[in-house]
Amino acid sequence: MREIESIRESGGYLNRYVHDSKVCQCEMTFSVYLPPQAENDKVPALYWLSGLTCTDDNARTKAGAQRFAAEYGIAVVFPDTSPRGEQVDDQADRYDLGQGAGFYVNATRTPWSRHFQMYDYVTDELPGLIEQKLPLIPGVKSISGHSMGGHGALICALKNPDSFRSVSAFSPIVNPVDCAWGQGCFGLYLGDERAEWEAYDATCLINSGARVGDILIDQGDADEFLHEGQLLPENLQAACDANGQPCTIRMQDGYDHSYHFIASFIGEHIEYHAGYLKP
């Protein structure tokens, strides 16, 4: 783990690192915002998973999370969205497959299975690394994300309810087995068996008995991908209602799918997570 950038921000430091990932078999880049409180003590962490085409840089420069994280004494971890490099398989003519589009699954089909192990990377390898190297309270973490990253946050929390204290999302892909984005990738990453897909689908997980304490989602009603049927929040709401899973989906008037939307409500999400991250 090697620091390649450090920027003073909101009393703390926004740092960028690279390391050799064993699970993804390539060099991975990630960023961590350490609030001012981390200079004197270990702090809890909020993992932020970004969406299609993003790197670790999008959220850390556009979401405006750092000033709220400094207020509540929370570190924010920004992983990349996929493995990268010349040796990593890609689909150059598609933005929703390959590099920048890991979907936070463990791929089981070649050629993707060699590098695309983002589920294990986010839930196991990266936390294990940074909790050893940075002033973070071991095991005290929450998770959030946007779009594909919102999907990732939901499945990581639902599959690991004892690992993440809380979960939220912005405009998440909540039912990928029934939308074009998910169908276009899951078959190539995971094969043809629908049961393999459902293991990485928040709506299916809830229908199968997975539970977390609560779910907070913000969704803009002017989101173009909502109207194209890629996000399907109504399917998640129906599953939560049918299975007794607490879930609040706030439809936000006039907001789209962009980081302008995220920046408008990120403070409320960090406040929400702060209530669960108190030692």
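Check the entry above for the structure.
Just so we're clear, the structure is a prediction, and the values are computed from it rather than from any experiment.

A. Highlighting helix H10 (residues 259-277). The principal kink in H10, of about 50 degrees, is found at phenylalanine 265. For H10, the side-chain oxygen to backbone nitrogen distance between the N-cap and histidine 260 is 3.2 Å, and the N-cap itself is serine 258.

B. Seen up close, the sheet that holds strand S1 (residues 2-9). Spatial strand order, S1-S2-S3-S5-S4-S6: six strands in an open sheet with mixed pairing. Unpaired on one side and paired on the other, S1 and strand S6 (136-145) mark the two borders of the sheet. Between one strand axis and the next, the sheet turns by 25 degrees as a mean value, whatever way the strands run. In this structure, strand S3 (residues 26-34) lies alongside strand S5 (residues 75-79), joined through four bridges in antiparallel fashion. Note on S5: the bridge partner recorded for valine 32 is valine 77.

C. Spotlight on the pattern of salt bridges. Per the counting criterion, the structure on display carries 10 salt bridges. One salt bridge in this structure joins glutamate 5 and arginine 60, with 2.6 Å as the shortest N-O distance. Taken together, the residues glutamate 5 in strand S1 and arginine 60 in helix H1 (residues 57-62) connect sequence positions 55 residues apart. For the salt bridge of aspartate 218 with arginine 250, the shortest nitrogen-to-oxygen distance reads 2.7 Å. In this pair, aspartate 218 is assigned in strand S8 (residues 216-220) and arginine 250 in strand S9 (residues 248-252), connecting sequence segments 32 residues apart. Ionic contacts of the salt-bridge type, sharing partners, join the residues Glu5, Asp57 and Arg60 into one network.

The rules behind each value
Each chain carries its own residue numbering, running from 1 in the written order of its sequence. Reporting of local features is limited, given that this is a predicted model, to residues whose pLDDT is at least 70; pairs of side-chain atoms are given and counted only at 80 or more, and all residues count toward the totals for whole chains, interfaces and linings. Heavy atoms from the whole structure form the basis of all side-chain values; hydrogens and water molecules are not counted. To obtain the bend at a residue, axes are fitted to the seven residues ending there and to the seven starting there, and the angle between these axes is taken. Only DSSP runs of H or I covering at least 4 residues are called helices, and only runs of E covering at least 2 are called strands; the numbering of each starts at the N terminus. Throughout this description, a polar contact denotes any pair of N or O atoms lying within 3.5 Å of each other; where both atoms belong to protein, one of them has to be capable of donating a hydrogen while the other can accept it, and for residues adjacent in sequence the pair is counted only when both atoms sit in side chains. Strands were regarded as paired on the criterion that DSSP finds at least two bridges between them. Only the stretch in contact is used when fitting a helix axis, every axis being a line fitted to C-alpha atoms; angles between N-to-C directions are given from 0 to 180 degrees. Salt bridges are defined by distance alone: a side-chain nitrogen of Lys or Arg within 4 Å of a carboxyl oxygen of Asp or Glu.

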